[in-house]
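Here are the chains, one letter per residue:
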Amino acid sequence: MRLLYKHIYIIFLVSLTGNLWAIEIDTNFKTKPLRYDTNYIESKSDNIHLALIAVSQQTGIDLVNTKTDYRYRFVSNTPMRYGIGIDYEWLALEITYAIPGLELNNEAKGDSESFAIKLGVSGRMFRANAYYRATKGFTHENVEDLYPDWFLNEEYYPYLKNLKNRTLNLSIYYTFNHKKYSNKAALRPIERQLKSAGSPVIGVLATMEGIYSPTPIIEIDSLQNSYLNFKKAEYLKIGMNAGYMYTFSIKENYYLHAALIPGLMYSYGDVLLHNDNDVHFSNSLGGSIYSRMTAGYDGKKFYG
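Here is what the cut-offs are and how they apply
Residues numbered from 1 in each chain as written. Predicted model: local features only at pLDDT ≥ 70, side-chain atom pairs only at ≥ 80, totals over all residues. Heavy atoms only, no water. Phe/Tyr/Trp six-rings, centres within 6.5 Å; stacked < 30°, edge-to-face > 60°. Helix = DSSP H or I, 4+ residues; strand = E, 2+ residues; numbered from the N terminus. Buried < 20%, exposed > 50% of the residue type's maximum accessible area, 1.4 Å probe, protein only. Patch = residues over 30% accessible without salt bridge, like charges linked within 9 Å, V, L, I, M, F, W, Y side chains within 5 Å. Areas by Shrake-Rupley, 256 points an atom, 1.4 Å probe, with all protein chains shown as cover. Salt bridge = Lys/Arg side-chain N within 4 Å of Asp/Glu carboxyl O. 1 Å grid on protein atoms, 1.4 Å probe; cavity = no way out; pocket = protein on both sides within 12 Å on 5 of 7 lines; lining within 4 Å. Points joined across faces, edges and corners; volume = space filled by probe spheres on them. Nonpolar A, V, L, I, M, F, W, Y, C, P; charged D, E, K, R; others polar.

A. Region of interest: the packing of aromatic side chains. Applying the stated criterion across every chain, the model contains nine aromatic pairs. Measuring from ring centre to ring centre gives 6.5 Å for Phe115 and Tyr132, while their planes differ by 55°; the resulting arrangement is tilted. Here Phe115, found in strand β7 (residues 113-122), pairs with Tyr132, found in strand β8 (residues 126-140); they are 17 residues apart in sequence, far enough to count as distant. We classify Phe115 as partly exposed; its relative accessible area is 49%. Residue classification places Tyr132 among the partly exposed positions, given a relative accessible area of 29%.

B. Geometry of a nonpolar patch on the surface. Where nonpolar side chains cluster on the molecular surface, the patch consists of Leu170, Met208, Leu236, Ile238, Leu264, Tyr266, Tyr268, Val279, Phe281 and Leu285 and spans about 940 Å² of accessible area. Where the nonpolar patch is concerned, the elements lending two or more residues are β12 (230-250), β13 (254-273) and β14 (276-297). Relative to the elements of secondary structure, Leu264 occurs in strand β13.

C. The arrangement of empty space enclosed by the protein in detail. Applying the stated criterion across every chain yields a total of two cavities of 30 Å³ or more. Quantified by volume, the largest cavity comes out at close to 90 Å³. As for the largest cavity, its lining consists of 13 residues, and the residues nearest its centre are Gly123, Arg124, Ser182, Asn183 and Lys184. Only β8 and α4 (183-187) provide two or more residues apiece to the lining of the largest cavity. Taken together, the residues of the lining of the largest cavity sort by class into three nonpolar, six polar and four charged. Considering only enclosed or pocket space, the second largest cavity measures out at about 60 Å³ in volume. The set of elements that each furnish at least two residues to the lining of the second largest cavity consists of α4, β10 (191-193), β12 and β13. Taken together, the residues of the lining of the second largest cavity sort by class into four nonpolar, four polar and three charged.

Written out as C-alpha coordinates, the structure reads:
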(Lines give C-alpha, C1' and ligand atoms only; values in the text may rest on other atoms or scores of the structure.)
Protein backbone atom coordinates (compact mmCIF):
# COMPACT_ATOMS: atom_id res chain seq x y z
CA MET A 1 0.00 0.00 0.00
CA ARG A 2 2.83 2.41 0.80
CA LEU A 3 4.45 1.67 -2.56
CA LEU A 4 1.28 2.76 -4.37
CA TYR A 5 1.24 6.13 -2.59
CA LYS A 6 4.87 6.64 -3.55
CA HIS A 7 4.06 6.18 -7.25
CA ILE A 8 1.19 8.63 -7.05
CA TYR A 9 3.41 11.20 -5.37
CA ILE A 10 6.10 10.91 -8.02
CA ILE A 11 3.61 11.25 -10.90
CA PHE A 12 2.02 14.29 -9.29
CA LEU A 13 5.39 15.92 -8.75
CA VAL A 14 6.49 15.38 -12.36
CA SER A 15 3.18 16.76 -13.66
CA LEU A 16 3.40 19.83 -11.45
CA THR A 17 6.96 20.50 -12.56
CA GLY A 18 5.93 20.28 -16.22
CA ASN A 19 3.12 22.77 -15.73
CA LEU A 20 5.40 25.24 -14.00
CA TRP A 21 7.89 25.02 -16.89
CA ALA A 22 5.14 25.60 -19.47
CA ILE A 23 3.91 28.68 -17.62
CA GLU A 24 7.41 30.12 -17.60
CA ILE A 25 7.71 29.73 -21.40
CA ASP A 26 4.33 31.38 -22.05
CA THR A 27 5.18 34.45 -20.00
CA ASN A 28 8.28 35.07 -22.11
CA PHE A 29 6.44 34.72 -25.47
CA LYS A 30 6.04 37.95 -27.46
CA THR A 31 3.17 38.44 -29.91
CA LYS A 32 3.51 40.43 -33.11
CA PRO A 33 1.68 43.77 -33.23
CA LEU A 34 -1.58 43.80 -35.17
CA ARG A 35 -1.50 45.33 -38.66
CA TYR A 36 -4.96 46.86 -38.36
CA ASP A 37 -6.93 49.17 -36.09
CA THR A 38 -9.09 47.09 -33.73
CA ASN A 39 -11.46 50.03 -33.33
CA TYR A 40 -12.42 49.58 -37.02
CA ILE A 41 -11.82 45.91 -37.79
CA GLU A 42 -12.59 42.69 -35.92
CA SER A 43 -10.85 39.52 -37.09
CA LYS A 44 -12.65 36.15 -37.03
CA SER A 45 -10.13 34.28 -39.18
CA ASP A 46 -9.54 31.61 -36.53
CA ASN A 47 -13.10 30.33 -36.96
CA ILE A 48 -14.42 28.07 -39.70
CA HIS A 49 -17.34 29.71 -41.55
CA LEU A 50 -20.01 27.79 -43.46
CA ALA A 51 -22.53 29.27 -45.91
CA LEU A 52 -25.35 27.93 -48.09
CA ILE A 53 -24.98 29.09 -51.70
CA ALA A 54 -27.30 29.41 -54.71
CA VAL A 55 -25.54 30.47 -57.93
CA SER A 56 -26.85 31.38 -61.38
CA GLN A 57 -24.14 32.38 -63.87
CA GLN A 58 -24.80 33.00 -67.56
CA THR A 59 -22.50 33.78 -70.49
CA GLY A 60 -23.29 35.96 -73.51
CA ILE A 61 -21.67 36.24 -76.96
CA ASP A 62 -22.43 39.12 -79.32
CA LEU A 63 -21.62 39.31 -83.04
CA VAL A 64 -21.66 42.99 -83.96
CA ASN A 65 -21.22 44.88 -87.21
CA THR A 66 -21.22 48.68 -87.00
CA LYS A 67 -22.62 48.96 -90.55
CA THR A 68 -25.90 47.28 -89.61
CA ASP A 69 -28.47 47.70 -86.84
CA TYR A 70 -28.73 43.99 -86.03
CA ARG A 71 -26.45 42.06 -83.71
CA TYR A 72 -26.40 38.33 -83.08
CA ARG A 73 -26.94 37.67 -79.40
CA PHE A 74 -26.13 34.17 -78.07
CA VAL A 75 -26.70 33.31 -74.40
CA SER A 76 -26.15 30.26 -72.24
CA ASN A 77 -28.93 28.47 -70.35
CA THR A 78 -27.04 27.20 -67.34
CA PRO A 79 -29.12 25.69 -64.50
CA MET A 80 -29.14 27.09 -60.98
CA ARG A 81 -26.51 25.44 -58.80
CA TYR A 82 -26.66 24.91 -55.03
CA GLY A 83 -23.96 24.11 -52.52
CA ILE A 84 -21.86 25.15 -49.59
CA GLY A 85 -19.04 27.66 -49.04
CA ILE A 86 -16.23 27.20 -46.52
CA ASP A 87 -14.00 30.05 -45.30
CA TYR A 88 -10.99 29.65 -43.02
CA GLU A 89 -8.23 32.24 -42.63
CA TRP A 90 -7.06 33.15 -46.18
CA LEU A 91 -8.66 30.11 -47.87
CA ALA A 92 -12.12 30.14 -49.49
CA LEU A 93 -13.75 27.09 -51.10
CA GLU A 94 -17.11 26.78 -52.84
CA ILE A 95 -18.75 23.54 -54.01
CA THR A 96 -22.01 23.67 -55.97
CA TYR A 97 -24.21 21.18 -57.85
CA ALA A 98 -27.35 21.30 -59.97
CA ILE A 99 -30.32 19.67 -58.21
CA PRO A 100 -32.87 17.93 -60.48
CA GLY A 101 -36.17 19.76 -60.42
CA LEU A 102 -34.63 23.01 -59.14
CA GLU A 103 -32.70 24.07 -62.26
CA LEU A 104 -34.84 27.21 -62.81
CA ASN A 105 -33.63 27.57 -66.40
CA ASN A 106 -35.71 28.31 -69.51
CA GLU A 107 -37.14 25.12 -71.02
CA ALA A 108 -37.59 26.83 -74.40
CA LYS A 109 -33.82 27.19 -74.67
CA GLY A 110 -31.35 24.35 -75.06
CA ASP A 111 -29.39 23.22 -72.02
CA SER A 112 -25.84 24.49 -71.52
CA GLU A 113 -22.91 22.64 -70.03
CA SER A 114 -20.75 24.70 -67.72
CA PHE A 115 -17.70 24.35 -65.51
CA ALA A 116 -16.25 27.07 -63.29
CA ILE A 117 -13.59 27.35 -60.63
CA LYS A 118 -12.68 30.41 -58.57
CA LEU A 119 -9.73 31.08 -56.29
CA GLY A 120 -9.40 34.16 -54.12
CA VAL A 121 -6.55 35.07 -51.78
CA SER A 122 -7.18 37.93 -49.35
CA GLY A 123 -4.37 39.68 -47.52
CA ARG A 124 -4.34 42.84 -45.46
CA MET A 125 -3.06 45.00 -48.34
CA PHE A 126 -3.54 42.85 -51.46
CA ARG A 127 -6.44 40.90 -52.95
CA ALA A 128 -5.83 38.43 -55.81
CA ASN A 129 -8.46 36.61 -57.87
CA ALA A 130 -8.35 33.86 -60.48
CA TYR A 131 -11.51 32.72 -62.26
CA TYR A 132 -11.93 30.15 -65.04
CA ARG A 133 -15.20 29.33 -66.78
CA ALA A 134 -16.01 27.06 -69.73
CA THR A 135 -19.47 26.94 -71.33
CA LYS A 136 -20.82 24.80 -74.18
CA GLY A 137 -24.23 25.20 -75.83
CA PHE A 138 -25.78 28.60 -76.62
CA THR A 139 -29.19 29.91 -77.66
CA HIS A 140 -29.87 32.58 -80.31
CA GLU A 141 -31.74 34.88 -77.92
CA ASN A 142 -32.82 37.74 -80.22
CA VAL A 143 -34.02 35.56 -83.10
CA GLU A 144 -37.31 37.49 -83.30
CA ASP A 145 -35.44 40.63 -84.34
CA LEU A 146 -34.25 38.74 -87.40
CA TYR A 147 -37.36 36.55 -87.86
CA PRO A 148 -40.39 38.31 -86.31
CA ASP A 149 -42.65 35.29 -86.94
CA TRP A 150 -40.27 32.69 -85.56
CA PHE A 151 -42.48 31.49 -82.72
CA LEU A 152 -45.56 31.20 -84.92
CA ASN A 153 -44.09 27.97 -86.24
CA GLU A 154 -41.44 27.11 -83.68
CA GLU A 155 -41.65 26.27 -79.98
CA TYR A 156 -37.97 26.56 -79.11
CA TYR A 157 -35.19 29.07 -79.69
CA PRO A 158 -32.46 28.19 -82.20
CA TYR A 159 -29.81 26.24 -80.30
CA LEU A 160 -26.13 25.78 -81.11
CA LYS A 161 -24.88 22.83 -79.07
CA ASN A 162 -21.27 23.04 -80.31
CA LEU A 163 -20.66 26.75 -79.68
CA LYS A 164 -18.11 27.07 -76.85
CA ASN A 165 -16.66 29.83 -74.71
CA ARG A 166 -13.66 29.71 -72.38
CA THR A 167 -12.62 32.59 -70.15
CA LEU A 168 -9.78 33.07 -67.66
CA ASN A 169 -9.77 36.24 -65.53
CA LEU A 170 -6.80 37.26 -63.37
CA SER A 171 -6.63 40.34 -61.16
CA ILE A 172 -4.75 41.78 -58.21
CA TYR A 173 -5.24 45.11 -56.47
CA TYR A 174 -3.78 47.06 -53.58
CA THR A 175 -5.80 48.64 -50.75
CA PHE A 176 -4.26 51.86 -49.42
CA ASN A 177 -6.25 52.34 -46.19
CA HIS A 178 -5.77 48.73 -45.07
CA LYS A 179 -5.47 49.55 -41.36
CA LYS A 180 -9.04 50.88 -41.07
CA TYR A 181 -10.84 49.43 -44.11
CA SER A 182 -11.28 45.66 -44.52
CA ASN A 183 -11.91 44.31 -47.99
CA LYS A 184 -12.25 40.86 -46.39
CA ALA A 185 -15.28 42.06 -44.41
CA ALA A 186 -17.03 43.09 -47.64
CA LEU A 187 -16.41 39.74 -49.36
CA ARG A 188 -16.10 37.06 -46.69
CA PRO A 189 -17.20 36.55 -43.06
CA ILE A 190 -13.68 36.21 -41.65
CA GLU A 191 -13.60 39.89 -40.64
CA ARG A 192 -16.14 42.49 -39.53
CA GLN A 193 -16.12 46.24 -40.22
CA LEU A 194 -16.88 47.80 -36.83
CA LYS A 195 -16.88 51.42 -38.02
CA SER A 196 -17.59 52.87 -41.45
CA ALA A 197 -14.47 53.23 -43.57
CA GLY A 198 -13.25 53.16 -47.17
CA SER A 199 -10.11 53.11 -49.25
CA PRO A 200 -8.74 53.95 -52.70
CA VAL A 201 -7.58 50.86 -54.61
CA ILE A 202 -5.36 50.30 -57.64
CA GLY A 203 -4.80 47.11 -59.58
CA VAL A 204 -3.88 45.22 -62.73
CA LEU A 205 -6.03 42.71 -64.58
CA ALA A 206 -5.82 40.30 -67.49
CA THR A 207 -8.43 38.33 -69.41
CA MET A 208 -7.87 35.45 -71.85
CA GLU A 209 -10.97 34.50 -73.80
CA GLY A 210 -11.70 32.03 -76.57
CA ILE A 211 -14.87 31.45 -78.63
CA TYR A 212 -15.07 28.31 -80.76
CA SER A 213 -17.60 27.14 -83.35
CA PRO A 214 -16.65 23.92 -85.22
CA THR A 215 -19.62 24.41 -87.57
CA PRO A 216 -20.80 27.71 -89.17
CA ILE A 217 -23.32 29.54 -87.00
CA ILE A 218 -24.50 31.90 -89.76
CA GLU A 219 -26.38 30.20 -92.59
CA ILE A 220 -27.97 33.19 -94.36
CA ASP A 221 -25.92 34.22 -97.40
CA SER A 222 -26.83 37.90 -97.08
CA LEU A 223 -25.39 37.99 -93.57
CA GLN A 224 -22.19 36.10 -94.39
CA ASN A 225 -20.54 39.31 -95.58
CA SER A 226 -21.85 41.44 -92.71
CA TYR A 227 -20.86 39.26 -89.76
CA LEU A 228 -17.75 37.32 -88.95
CA ASN A 229 -18.66 33.67 -89.50
CA PHE A 230 -15.82 32.58 -87.26
CA LYS A 231 -14.38 29.18 -86.52
CA LYS A 232 -12.14 30.38 -83.72
CA ALA A 233 -11.66 33.74 -82.01
CA GLU A 234 -9.14 34.25 -79.22
CA TYR A 235 -8.41 37.47 -77.33
CA LEU A 236 -5.97 38.70 -74.70
CA LYS A 237 -6.89 41.79 -72.68
CA ILE A 238 -4.59 43.48 -70.19
CA GLY A 239 -5.04 46.71 -68.28
CA MET A 240 -4.98 48.76 -65.10
CA ASN A 241 -7.79 50.11 -62.96
CA ALA A 242 -8.24 52.37 -59.97
CA GLY A 243 -11.24 53.32 -57.87
CA TYR A 244 -12.75 53.45 -54.41
CA MET A 245 -14.44 51.04 -51.99
CA TYR A 246 -16.50 51.92 -48.92
CA THR A 247 -18.36 49.98 -46.24
CA PHE A 248 -21.04 51.59 -44.09
CA SER A 249 -21.34 49.99 -40.66
CA ILE A 250 -24.99 50.26 -39.50
CA LYS A 251 -26.12 49.50 -35.94
CA GLU A 252 -23.16 47.24 -35.12
CA ASN A 253 -24.14 44.10 -37.10
CA TYR A 254 -25.51 45.46 -40.39
CA TYR A 255 -23.46 46.78 -43.27
CA LEU A 256 -23.76 48.30 -46.76
CA HIS A 257 -20.83 48.04 -49.16
CA ALA A 258 -20.20 49.70 -52.54
CA ALA A 259 -17.25 49.72 -54.96
CA LEU A 260 -16.60 51.48 -58.27
CA ILE A 261 -13.35 50.78 -60.16
CA PRO A 262 -12.95 52.07 -63.75
CA GLY A 263 -9.97 51.05 -65.86
CA LEU A 264 -8.20 51.09 -69.21
CA MET A 265 -7.78 47.89 -71.28
CA TYR A 266 -5.69 46.93 -74.30
CA SER A 267 -7.09 44.06 -76.40
CA TYR A 268 -5.30 41.88 -78.94
CA GLY A 269 -7.00 39.07 -80.83
CA ASP A 270 -6.89 36.71 -83.79
CA VAL A 271 -9.85 35.27 -85.69
CA LEU A 272 -10.05 32.26 -88.02
CA LEU A 273 -13.07 32.13 -90.37
CA HIS A 274 -14.82 29.11 -91.85
CA ASN A 275 -14.56 30.41 -95.41
CA ASP A 276 -11.00 31.75 -95.11
CA ASN A 277 -7.78 30.00 -94.07
CA ASP A 278 -6.04 33.26 -93.21
CA VAL A 279 -5.86 34.40 -89.60
CA HIS A 280 -7.23 37.93 -89.03
CA PHE A 281 -5.61 40.04 -86.30
CA SER A 282 -7.10 42.92 -84.36
CA ASN A 283 -6.10 45.23 -81.54
CA SER A 284 -7.92 47.98 -79.72
CA LEU A 285 -7.88 50.21 -76.68
CA GLY A 286 -10.97 50.54 -74.53
CA GLY A 287 -12.33 51.02 -71.05
CA SER A 288 -13.57 48.71 -68.34
CA ILE A 289 -15.59 49.24 -65.20
CA TYR A 290 -16.11 47.08 -62.13
CA SER A 291 -18.91 47.84 -59.71
CA ARG A 292 -20.14 46.02 -56.62
CA MET A 293 -22.88 46.66 -54.07
CA THR A 294 -23.77 44.36 -51.19
CA ALA A 295 -25.77 44.61 -47.98
CA GLY A 296 -25.96 42.13 -45.15
CA TYR A 297 -25.97 41.09 -41.52
CA ASP A 298 -22.85 39.95 -39.67
CA GLY A 299 -23.50 38.58 -36.20
CA LYS A 300 -21.57 36.43 -33.77
CA LYS A 301 -22.90 33.11 -35.14
CA PHE A 302 -24.88 33.98 -38.27
CA TYR A 303 -24.33 36.22 -41.29
CA GLY A 304 -26.00 36.82 -44.61
